[in-house]
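Geometric and topological summary
The chain contents come next:
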Amino acid sequence: TRVAVLISGTGTNLQALIEQAKRPSSAAEIVVVISNRPGVQGLKRASLAGIQTRVVDHKLYGSRAEFDGTIDGVLEEFGVELVCLAGFMRILTGTFVKKWNGKLLNIHPSLLPSFKGVNAQKQALQAGVRVTGCTVHFVAEEVDAGAIVVQEAVSVLGSDTEDSLSDRIREAEHRAFPAALELVASGTVRLKEDGHVTWKSNS
Ligand code: GRF
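Read on for an overview of the structure. Here the structure is a predicted model, which is why all the values come from computation and not from measurement.

Definitions and cut-offs
Starting from 1, residues in each chain are numbered consecutively following that chain's sequence as written. Selection of residues for local features in this predicted model requires a pLDDT of at least 70, selection of side-chain atom pairs for listing and counting requires 80 or more, and totals for whole chains, interfaces and linings are taken over all residues. Excluded from the side-chain calculation are hydrogens and water; included are all heavy atoms of the structure. Runs of H or I in DSSP of at least four residues are treated as helices and runs of E of at least two as strands, each being numbered from the N terminus. Relative accessibility decides the category of a residue: with a 1.4 Å probe and only protein chains considered, values under 20% of the type maximum give buried, values over 50% give exposed, and everything between is partly exposed.

**What about unusual backbone geometry?**
- The omega angle of the peptide bond from L112 to P113 is 10°, so this bond is cis rather than trans.
- The backbone phi angle of N119 is positive, close to 55°, even though this residue is not glycine.
- Relative to the helices and strands, N119 resides in the loop between β5 (104-108) and α5 (120-127).
- N119 gets classed as partly exposed once you look at its relative accessible area, which sits at 42%.
- At D144, a position not held by glycine, the phi torsion is positive, near 60°.
- Along the chain, D144 turns up in the loop between β6 (131-138) and β7 (148-155).
- Residue classification places D144 among the buried residues on the basis of a relative accessible area of 12%.

Bear in mind that shape data such as this cannot, by itself, settle questions of function.
Written as structure tokens, this is what we have:
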């Protein structure tokens, strides 16, 4: 499966996906990395891995529709079949999400549906939960509400700060996202028309 990864920054999730796609058993081939910000470390990671990169700077577009349209054009140019949002900090328009429905995965640093939105790690700390985690889900028009593919739980320690908890969650992300990539790229998991995921049974 031809995969695009969309990033906005460091790209540690991208790095985990690159390493997963390199495995001989992987069903995924990352064919392009797109960043909405120039010069970020994730772009260097892609280049080092020999993956083509594109920058679509959202500041250069007058509307979300034009920005999304340009992203869509790059995805079509590379014949992309599956899109992974890995620390991509833009909200995509309904038109784009509808077109790529079932082919768009996102990682969120909490056990959805808990703690949607920004600062999910901080929300968890403030709520006093003893377990949080990360979620890989299909992107739906409602933010952080799409069908869940993979989750990994992470304990909250009494000594945790937002940073220490975020670091531990990110380690879980680096396992959860590659796992979800394989499940969807291999066709084991897919999104049904009714918005729920279905798992291919071997029987
Ligand atoms: C991660 O914390 C992820 O949960 C959130 O953005 C961050 C991406 O980090 N969506 P990186 O760019 O993959 O290192």
